[in-house]
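Report on the structure
Each chain, letter by letter, is given below.
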Amino acid sequence: MQRRHFLASTAGAACLALVPFAAGAEQAGIDALPDDVAEARAAILDGRVPQEGGIEIDAPSLAENGAQVPVTLRVDSPMTAADHVIAIHILATRNPAPGIGHFHLTPHLTRAEVFTRLRLAEEQSFLVLAELSDGRVRQAAARVMVTQGGCRT
Amino acid sequence: MFTPRVRLPRTATAGEEIEVRTLINHPMITGVSGPDPRDMLARFEATMNGETVFACDFANGSAANPTIIFYVRAAAPGAFTFTWTHEDGRQFQTEGTVDIS
């Protein structure tokens, strides 16, 4: 039974599962942010209140290797000069340091979509904040279980 | 070591979406939990015809051998430069061209 469970969970990790995030940030465990994460988030928000949704996160629900967690982020945006995403920030909630990556986008892009790989020290949620050209900010979160932590370096 | 690799389509029509796949071999050592001293890239920047189209500031949670894929609207003449800047100021650069018809 245990082995079957293991096989099922690894099979799930092999294909990128679409993590449902719309249910809200608190479900992904971001209600109680550690101080350094809250500070990093506040620095990005700069007094603004983020809207939930409008961001799709493709991430594995279970990652074998926390050192290389593949993630695709997709922000709903026409990417025109008048209405585009200017930045996408990824913050870890349980890494030694919250910063993962800060992407700067321009209307030269056809879509607000980025693929990258994260380093996650342990099972945790990560936050995605998207800054729009009109000043609004969107927020989403996804949770990843990590079999082997990615903080050897 | 530190070899940048970029994949671009060879040709595109003006205004068409092109996929840009970038990778640089780099250990991205944070120095937080290992014996090795910090060795991290700070920034990646892509320009098309001299104008910045995409950039990324790396942080401790950026995985080793940073891979980034993004999508650009092709514009003539289609000359791209890709620059990775190390925290110590060193730069690693590669170029690419998409023939725009």
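Residues numbered from 1 in each chain as written. Chains lettered and ligands numbered in written order. Predicted model: local features only at pLDDT ≥ 70, side-chain atom pairs only at ≥ 80, totals over all residues. Heavy atoms only, no water.

What follows concerns the interface of chain A and chain B. Taken together, the contact between chain A and chain B spans 29 residues of the former and 33 residues of the latter. Approximately 2500 Å² of surface area, both sides summed, lies buried where chain A meets chain B, with 47% of it carried by carbon and sulfur atoms. Run the count over chain A and chain B and you get one salt bridge. Taking the shortest distance from any N to any O, the salt bridge between B:Glu17 and A:Arg111 comes out at 2.7 Å. At the level of elements, strand S6 (99–105) and strand S7 (112–118) of chain A are the ones that each hand at least two residues to the side of chain A that touches chain B. Here the side of chain A that touches chain B takes seven residues from S6(A), the largest share from any one element. The class makeup of the residues in the side of chain A that touches chain B is 13 nonpolar, 11 polar and five charged. In this sheet, strand S5 (residues 51–58) of chain B lies alongside S6(A) in antiparallel orientation, the contact comprising five bridges. (Contact = heavy atoms within 4.5 Å. Buried area = accessible area lost by both parts, 1.4 Å probe. Salt bridge = Lys/Arg side-chain N within 4 Å of Asp/Glu carboxyl O. Helix = DSSP H or I, 4+ residues; strand = E, 2+ residues; numbered from the N terminus. Nonpolar A, V, L, I, M, F, W, Y, C, P; charged D, E, K, R; others polar. Pairing = 2+ DSSP bridges.)

Another point: unusual backbone geometry. For the peptide bond that leads from B:Ala76 to B:Pro77, omega is 0°, which places it in the cis range. Phi angles above zero are rare outside glycine, and A:Met79 is one such case at about 55°. Along the chain, A:Met79 falls in the loop between strand S4 (69–75) and strand S5 (85–92). With a phi close to 50°, B:Asn65 is a non-glycine residue in the positive phi region. Residue placement: B:Asn65 occurs in the loop between S5 and strand S6 (67–73).

Quick look at helix H2 (residues 35–45) of chain A now. Given 3.6 residues to a turn, an α-helix orients residues that are three or four positions apart in the same direction. Residue and element names in this part refer to chain A. Here H2 has its buried residues at Val-37, Ile-44 and Leu-45. One side of H2 carries all its buried residues, which in axial view fall inside an arc of 95°. Seen from the open side of H2, the exposed residues pointing more than 90 degrees away from its buried face are Asp-35, Glu-39 and Ala-43. Considering only its buried residues, H2 is in contact with S5, strand S8 (124–132) and strand S9 (137–148). Downstream of H2 by one or two residues, Asp-46 has phi in the positive range, about 50°. (Buried < 20%, exposed > 50% of the residue type's maximum accessible area, 1.4 Å probe, protein only. Arc of directions from axis to C-beta.)

As a further point, take the packing of aromatic side chains. Evaluation of the coordinates by the stated rule reveals eight aromatic pairs over all chains. The structure contains a cluster of three or more aromatic residues connected by ring pairs, namely A:Phe103, B:Phe44, B:Phe54, B:Phe70, B:Phe80, B:Phe82 and B:Trp84. Taking the ring centre of B:Tyr71 as reference, the NZ or CZ of A:Arg111 above it sits at 3.8 Å. (Phe/Tyr/Trp six-rings, centres within 6.5 Å; stacked < 30°, edge-to-face > 60°. Lys NZ or Arg CZ within 6 Å of the ring centre and 35° of its normal.)

Time to look at the environment of B:Trp84. Residue position: B:Trp84 is located in strand S7 (residues 79–86). Expressed as a C-alpha distance, the spacing of B:Trp84 and B:Ala55, which sit 29 residues apart in the sequence, is 9.7 Å.

Applying the stated criterion across every chain, the model contains two cavities of 30 Å³ or more. What lines the second largest cavity is A:Ile90, A:Ile100, A:Gly101, A:Phe103, A:Thr116, A:Arg117, B:Cys56, B:Phe58, B:Ser62, B:Ala63 and B:Pro66. Elements that contribute at least two residues to the lining of the second largest cavity include exactly S6 and S7 of chain A together with S5 of chain B. At three residues, the largest contribution of residues to the lining of the second largest cavity is made by S6(A). Along the lines of polarity and charge, the residues of the lining of the second largest cavity split into seven nonpolar, three polar and one charged. (1 Å grid on protein atoms, 1.4 Å probe; cavity = no way out; pocket = protein on both sides within 12 Å on 5 of 7 lines; lining within 4 Å. Points joined across faces, edges and corners; volume = space filled by probe spheres on them.)

A word on the side chain of A:Arg119. Mapped onto the fold, A:Arg119 is located in the loop between S7 and S8. Within the structure, the side chain of A:Arg119 is placed 2.7 Å from the backbone oxygen of B:Met28, a separation counted as a polar contact. (Polar contact = N/O pair within 3.5 Å; in protein donor to acceptor, adjacent residues only side chain to side chain.)

Moving on to the side chain of A:Glu113. One can find A:Glu113 in strand S7. Side chain to side chain, A:Glu113 and A:Arg74 meet in a polar contact 3.1 Å long. Among the polar contacts listed, one links the side chain of A:Glu113 to the side chain of A:Arg111, at a separation of 2.9 Å. Those residues in contact with A:Glu113 that sit more than four places away from it in its chain are A:Thr72, A:Leu73, A:Arg74, B:Ile69, B:Phe70 and B:Tyr71.

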